[in-house]
There are 2 protein chains.
Amino acid sequence: MPEPMPDVDALDHRILGLLREDGRRTFSEMAAEIGLSVAAVKRRVDRLRETGVITGFTVQIDHAKLGWGIEAFTELRYQGTTPVDRIMRTATEIPEVQAVFTIAGDPDALIRIRARDLGHLQKIIDRLRRAGDVTGTKTLMVLASWTR
Amino acid sequence: MPEPMPDVDALDHRILGLLREDGRRTFSEMAAEIGLSVAAVKRRVDRLRETGVITGFTVQIDHAKLGWGIEAFTELRYQGTTPVDRIMRTATEIPEVQAVFTIAGDPDALIRIRARDLGHLQKIIDRLRRAGDVTGTKTLMVLASWTR
DNA sequence: ATTGAAACTCGTGATCT
DNA sequence: AGATCACGAGTTTCAAT
């Protein structure tokens, strides 16, 4: 079942672009920017939330400044019998796991990890390796990153 | 030179937690939640921005609903002589590249890609392979994902 | 769907403890 | 640091188009 695809016009895309740059932009600011009334902008944002295009708003944090300077991706290989939802759950229980991506092919999953230091990272990887039906891991340490 | 680490106390962490859940939460709402005055919450958020802990606010989007249903990670290998900033730039020029992570060891970089369909993904990967000093790629197709 | 106006809520800066 | 006050700015709803 493919996802329903709501109509999103050029104005909606401009609003989304503005909110990507600054998710706390005011409706008035956006209204002035794109030449619509405040109420119209609000209605569009409300509709984008209702249709699920906008799933939420969040704050962007420099984790290094909070003492979480280590970032890594770990590829996980599982036993052939392991169901996908089990793979998803493995990492959910480890708070340092930021995201889990199940993968078509090899490896079976890619997870994004944040740690305070290398010792901490090691402990997390050990815990993953001990967990259930993981047959192998390969960890990619992030040196630097850039996000659009 | 390690990053300067500003003092962030338990109250700041609670504020960050609230803003992670909903980046558009009002100061009054947060103030009521954690038992502080509105102005106090505002000053803390302002300070978190000034010290660089908060780098911004953004909207979270369901890209599949916008017709960008394909997500993939591609590992890139470069010639040994390629400088890191060149690696960073490779992908910057391709709009479908969402993020670039330079990696310690093998591969040299991991990039996150979004595409409309498999044909589109193929074109992006072809373009990466043709670009400059890339010696090899391995693409991991995302089946499903979960983010904390 | 968009607008404009009214009523309400919020953000912001000054001032004081 | 945090609280309180005051005012300008932003939000939300609704009738009208």
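If you're wondering where the values come from, they're calculated on a predicted model, not measured in any experiment.

Which parts of the structure should I look at to understand the protein's contact with DNA strand C?
Taken together, 13 residues surround DNA strand C, and among them S37, A39, R43 and R44 of chain A together with F27 of chain B come closest. Taking the atoms of DNA strand C that fall within 4 Å of the protein, sugar and phosphate contribute 82% of them. Here a phosphate oxygen of DNA strand C sits 2.7 Å away from a polar atom, N or O, in the main chain of S37 of chain A. Separating a phosphate oxygen of DNA strand C from a backbone N or O atom of F27 of chain B is a distance of 3.0 Å. For the surface near DNA strand C, the secondary-structure elements that each account for two or more residues are α3 (38–50) of chain A together with α2 (27–34) and α3 (38–50) of chain B.

Hey, could you run me through the pattern of salt bridges in this one?
Close approach of charged atoms lets side chains of opposite charge pair. Counted according to the given criterion, the structure contains 28 salt bridges over all chains. Where K65 of chain A meets D62 of chain A, a salt bridge forms, and the shortest distance between an N and an O atom there is 3.7 Å. Note on D62 of chain A: relative accessible area 17%, which makes it buried. A salt bridge links R112 of chain B to E71 of chain B; the shortest N-O distance between them is 2.8 Å.

Mind showing me how you'd approach the layout of surface pockets here?
Unfilled space is identified by rolling a water-sized probe across the atoms. Quantified by volume, the second largest pocket comes out at close to 420 Å³. Along its surface, the second largest pocket is lined by 15 residues, and H13 and R20 of chain A together with H63, L66 and W68 of chain B are the ones closest to its centre. By residue number, the principal contributor to the lining of the second largest pocket is helix α1 (residues 10–21) of chain A, which donates 5 residues. Classifying every residue of the lining of the second largest pocket gives 5 nonpolar, 4 polar and 6 charged.

Can you help me understand the protein's contact with DNA strand D in this one?
Not every one of the 14 residues close to DNA strand D is listed here, only the nearest: F27 and S28 of chain A together with S37, R43 and R44 of chain B. In DNA strand D, atoms within 4 Å of the protein come 67% from sugar and phosphate. In the model, a base nitrogen of DNA strand D is placed 2.6 Å from a nitrogen or oxygen of the R43 of chain B side chain. Here R44 of chain B contributes a side-chain N or O atom positioned 2.6 Å from a phosphate oxygen of DNA strand D. Counting residues per element, the ones that place at least two in the surface near DNA strand D are α2 (27–34) and α3 of chain A together with α3 of chain B. Sorting elements by how many residues they give to the surface near DNA strand D places α3 of chain B first, with 4 residues. Per-class residue counts for the surface near DNA strand D are 7 nonpolar, 3 polar and 4 charged.

Cut-off values and rules
- Residues numbered from 1 in each chain as written.
- Chains lettered and ligands numbered in written order.
- Predicted model: local features only at pLDDT ≥ 70, side-chain atom pairs only at ≥ 80, totals over all residues.
- Heavy atoms only, no water.
- Near = heavy atom within 4 Å.
- Polar contact = N/O pair within 3.5 Å; in protein donor to acceptor, adjacent residues only side chain to side chain.
- Helix = DSSP H or I, 4+ residues; strand = E, 2+ residues; numbered from the N terminus.
- Salt bridge = Lys/Arg side-chain N within 4 Å of Asp/Glu carboxyl O.
- Buried < 20%, exposed > 50% of the residue type's maximum accessible area, 1.4 Å probe, protein only.
- 1 Å grid on protein atoms, 1.4 Å probe; cavity = no way out; pocket = protein on both sides within 12 Å on 5 of 7 lines; lining within 4 Å.
- Points joined across faces, edges and corners; volume = space filled by probe spheres on them.
- Nonpolar A, V, L, I, M, F, W, Y, C, P; charged D, E, K, R; others polar.

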